[in-house]
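Spelled out, the chains give:
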Amino acid sequence: MELLNNQVTREQGIHSPRSNNPSFGLYLMAENLDIPATVLDFPSWNDFTEEIIKGNYTHVGISFIVPNVLKAKRMIEYIRRESPSTKIIVGGHGAAIPNLREILDYDEVCRGEGVAWLRRYFGDDVKKPIKHPVIYSAVRKFVYGAPILEMAGIILPGVGCQNSCSFCATSHKFEKQYTSFLKTGREMLEACNKTAEKLRVKDFGVMDENFLKSPVRARQFVDEMEKEMKAYTFSIFSSADAVTKIGVDFLVRMGVNFIWIGVESKWNVFEKTHGVDLFKLIKDLQDHGVTVLASTILFMDHHDKFTIEEDIDWAISLKSDLLQLMQFGPIPGTQLYKDYETGGKLFMDIPWPSQHGQNQIWFHHPHFTLPETSHYLKNAFIRKYQTDGPGVLNMAHTAIKGYLKLMEDIKDREEKGLVWCPKTLSYIPHPNPKPDEFMKLRLESWRENALRFRPILSTALKYAPNEKAAEKCRMIMNLYDKVFGKLTVKEMALEVVVKTFAILENKKYKRNGSIMRQPKTKRSEFPDRRNG
Ligand code: SF4
């Protein structure tokens, strides 16, 4: 799937970064079964059918989200026809669709946490430790049409979230409980080290709904990184309350340079934002070099034509680097779905493929027609873009600000004799302070992160959507010049490369209106482990 281009930077045209995220759960499950398994990720129809014919599989598992249920149906029909003895297991969020049997001819449904379910099903030892797979966080990454060569790994600490927001499909899928795969900071670091070594990466996506909700593990993790002097960097998801509790200094020490926070609504309808000054939190994170992706929801119960505008204005005024706008969506399996179904609010004739939150809602809202919901959403994306400019530009700004701030902070702490206190998660006076060598490494990682954006800035300027964005871009370019000096020869060459790709990309946008990027099928085999 494409995350940013689909629901964050979708109206930013050529400025929208592109990438595809592998189906992490499939690799995790295959890695942890004793029986041999093959993962087909992003399968084309031809590759899928060929695999079914050649593979002679006893079982085929199909994981899908709700809008893809008809794709799963086509796949299942093919398997039934060409390989009738194969048992079919369905799973993923789409498996929560009510009356699924009426749509799909499957044998089993994998519910809840997939590794345990499959181990039970195949008679493996359910309690065996989890083996962390080695996977890229995203593939086929492009910015302005230019391929991004730097890669990141993915770390899967656990699934589920206890916050139980009524609309949240992941929280409900895992029965509002958190299941950890990596239980300690040591296990986290071992997973990072393994991935770093095999994929030659230093940056990681942390696929965990609310990573900071397990603060003990997060604290251990930082201690372990410090012991080994591994200043990896991370993108995480966390709720505002958990971030506030653990503090921004901790996040920087850990190396979090990107965070996804659900801010949802100005009216604080969810517990996770109660008592949190989101304006202050977001600014504080950005000042320290942490890109903030705030996510917000439109067409909730309290929205009418006035309050929805207020909420959109509020979400934009938070000035996050990136903003996800998602329609309130009763997804099967959630409390919200149950409530709306009971209340007779669901439009049962809207096909499942249209229920994805990025076009029209699929329930009765007293204040909006369905076409209106599409217009409001699109206009909100455009407003964010016109107000704050391209997301990649904001990210560059945050990265360079954070590098400068960290440089000053390290100097300031040295002068004041402050050292990191893992108990209070703050910098405190010490009678014999030693230089903070770990944070010097961290500073280098912040520097590398900032420099990553430099070759795209002149292209961002060339295609700036308005004078305000162009002005911002010039200001950021000047800041880069001030901090790093003039562009190096290599940076100038990269700038030319990006500009050239951007010309081609721009032509494609003009010709087609949008650009579809379909990754190739990725096939991975996992061995038979039944004899150790
Ligand atoms: S905090 Fe986020 S992950 Fe947790 S239940 Fe709420 S929306 Fe879901």
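Model, not experiment: these values are computed from the prediction. (Residues numbered from 1 in each chain as written. Predicted model: local features only at pLDDT ≥ 70, side-chain atom pairs only at ≥ 80, totals over all residues. Heavy atoms only, no water.)

**Considering the pattern of salt bridges**
Following the criterion strictly, the structure yields 47 salt bridges and no others. A salt bridge links aspartate 287 to lysine 283; the nearest nitrogen and oxygen atoms lie 2.7 Å apart. Of the two residues, aspartate 287 and lysine 283 both sit in helix 11 (residues 278–287), four residues apart, roughly one turn of that helix. Salt bridges linked by common partners bring Arg186, Glu190, Glu224, Lys227, Glu228 and Lys230 together as one network. (Salt bridge = Lys/Arg side-chain N within 4 Å of Asp/Glu carboxyl O. Helix = DSSP H or I, 4+ residues; strand = E, 2+ residues; numbered from the N terminus.)

**Notes on the sheet that holds strand 4 (residues 87–91)**
With respect to topology, three strands assemble into an open sheet ordered 3-4-5, the strand pairing being parallel. In the strand order of this sheet, the two ends are held by strand 3 (59–63) and strand 5 (108–109), each with one partner. Pairing of strand 3 with strand 4, which is carried by five bridges, proceeds in the parallel orientation. In the sheet register, serine 63 faces strand 4, and the bridge partner there is glycine 91. (Pairing = 2+ DSSP bridges.)

**Description of the sheet that holds strand 13 (residues 256–264)**
A sheet is described by the order of its strands in space; here six strands give the open sequence 8-11-12-13-14-15, paired in parallel fashion. Each edge of the open sheet carries a strand with a single partner, namely strand 8 (153–155) and strand 15 (322–327). Pairs of neighbouring strands in the sheet enclose a mean axial angle of 20°, with direction left out of account. Two strands pair when backbone bridges link them, and strand 12 (residues 233–237) and strand 13 are joined in this way by four bridges, in the parallel orientation. Of the residues in strand 13, the one forming a bridge with serine 235 is phenylalanine 258. (Axes fitted to C-alpha atoms, helices over the stretch in contact; angles between N-to-C directions.)

**Quick word on the domain arrangement of the protein chain**
For interface size, the figure often reported is the accessible area lost on association. Domain annotation for the protein chain reports domain 1 (24–130) and domain 2 (393–511). For domain 1 and domain 2, the distance between their C-alpha centroids amounts to 43 Å. (Domains from an automatic or database assignment.)

**Thoughts on the packing of aromatic side chains**
Evaluation of the coordinates by the stated rule reveals 19 aromatic pairs. Ring plane angle 75° and centroid distance 5.1 Å describe the contact between phenylalanine 204 and tyrosine 232, whose orientation is recorded as edge-to-face. Here phenylalanine 204, found in strand 11 (residues 203–206), pairs with tyrosine 232, found in the loop between helix 8 (215–228) and strand 12; they are 28 residues apart in sequence, far enough to count as distant. As far as burial versus exposure is concerned, phenylalanine 204 and tyrosine 232 are alike and both buried. Pairing tyrosine 403 with phenylalanine 484 gives two aromatic rings, centres 5.4 Å apart and planes at 15°, and the pair type is stacked. Here tyrosine 403 is found in helix 15 (residues 391–416), whereas its partner phenylalanine 484 is found in helix 18 (residues 467–484), with 81 residues between them in sequence. Each member of the aromatic cluster is reached from another via a ring pair, and the members are Phe167, Phe270, Phe328, Tyr340 and Phe363. The ring of phenylalanine 270 has lysine 272 lying over it, and the distance from NZ or CZ to the ring centre is 5.8 Å. The ring centre of tyrosine 340 lies 4.3 Å from the NZ or CZ of lysine 345, which sits over that ring. (Phe/Tyr/Trp six-rings, centres within 6.5 Å; stacked < 30°, edge-to-face > 60°. Buried < 20%, exposed > 50% of the residue type's maximum accessible area, 1.4 Å probe, protein only. Lys NZ or Arg CZ within 6 Å of the ring centre and 35° of its normal.)

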